[in-house]
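Inside the fold
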Amino acid sequence: MSHSISDAKPTPGVAAPTRLASRRLPKWSPLAIAAGAIAIGVGIGAGAGLSSHIQWGLIALLLFVVGSYVITARVEGRRQAKDRVATSLIWSSFVLAVIPLYSLVQTTISKGVKVLDGTFLSHSMNNVLTIQPGGGVYHAIIGTLEQVAIATVIAAPIGILTAVYLVEYGRGTLAKWVTFFVDVMTGVPSIVAGLFILSLWFVVVGSAPASGFAGSLALAILMMPVVVRSTEEMLKLVPNELREASLALGVPKWRTITKVVIPTAVGGITTGVMLAISRIAGESAPIALLVFGSNLINTNPFHGPQSSLPYYIYQQWQNGNDPSYSRAWGAALVLIAFVMILNLVARGIARWKAPKR
């Protein structure tokens, strides 16, 4: 009996004892359950005469969640079944969120690509009848680029400096009021920003504005709180050890901010600015109030009406005929591509400027 049980050698001709292990479903089981749920959902939808494929999908999602719980509970137990149900609900929510996005992009591409060519991108609507094919979106692209660029030049420095104040210097009543007004501005509707600039223009100038610059001022109001919030969060992520090390070497606080804090967070700050640009690129209400829109190419944002992509889409859709609808879908596709390019640029800059380990 001096030898432990673990040291005992197996007797020849007698099967070795097997280890006790909990039963587990194979790794491919979620895919099998999903395939079965889809098949049953399609069968139920077709048998019940449901014409919408969305209803078929919802039935399949419900069957997938229920099936995951029942099968996992019988094989692995209720505790693992609850975990599997939570995972299934997360995946189902992801699918439900992606379906409308996919439908939107697919519809825009299928309808917008019909008119999207070199002529559409290089011509305006000057001397083009709305009931006839032809024309283009060149003047709206110029207007959007100029208006967004001016708004960025105004809002980005103010927003970044405000965030620096709140994170590095903001203490007391003033900082609380600044934070409060930033929160309020975050929820201001675009039409309110346009009305504010319109009334301010009447007070200062005495006449209604008709220029891309007026629209840029309204867009800057919408852009500033987004820049402040994103920059503030990026500056808070900078480790305090970096600030303390710089200050311990006798570097002034303002120089620590400009040489240590901001360079460390510049990737996130740039990403926030790009996302803010994407946010204002699709605004049409301030443009309708302040810029008025135009069918002509106007490269001067400080004088005369000027178009933009969102207002061009609204204008063409309002015409109410098939050629105008096609131009509206084409402009929507150009706007989506513009926003997508901005997001890709933001991701590239964030990866490029990310701290190297």
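What counts as what
Residues numbered from 1 in each chain as written. Predicted model: local features only at pLDDT ≥ 70, side-chain atom pairs only at ≥ 80, totals over all residues. Heavy atoms only, no water. 1 Å grid on protein atoms, 1.4 Å probe; cavity = no way out; pocket = protein on both sides within 12 Å on 5 of 7 lines; lining within 4 Å. Points joined across faces, edges and corners; volume = space filled by probe spheres on them. Helix = DSSP H or I, 4+ residues; strand = E, 2+ residues; numbered from the N terminus. Domains from an automatic or database assignment. Nonpolar A, V, L, I, M, F, W, Y, C, P; charged D, E, K, R; others polar.

A separate point is the layout of surface pockets. Taken as a whole, the largest pocket spans an internal volume of roughly 590 Å³. If you trace the largest pocket, you find 24 residues lining it, with Leu 61, Phe 64, Trp 91, Ser 92 and Val 95 closest to the centre. Counting only elements with at least two residues in the lining of the largest pocket, the list comes to helix 1 (29-47), helix 2 (53-75) and helix 3 (78-112). Top contributing element to the lining of the largest pocket by residue count: helix 3, with eleven residues.

Interface size is commonly expressed as the accessible area that is lost once the parts come together. Domain annotation for the protein chain reports domain 1 (2-107) and domain 2 (138-352). The centre of domain 1, based on its C-alpha atoms, is set 45 Å off from the matching centre of domain 2.

This paragraph deals with empty space enclosed by the protein. Applying the stated criterion to the full structure yields one cavity of 30 Å³ or more. Volume-wise, the largest cavity comes out at about 30 Å³. Put simply, the parts of the chain that give the lining of the largest cavity at least two residues each are helix 5 (138-169) and helix 10 (253-281). For the lining of the largest cavity, the element with the most residues is helix 5, which contributes three residues. Partitioned by chemical class, the residues of the lining of the largest cavity number six nonpolar, three polar and one charged.

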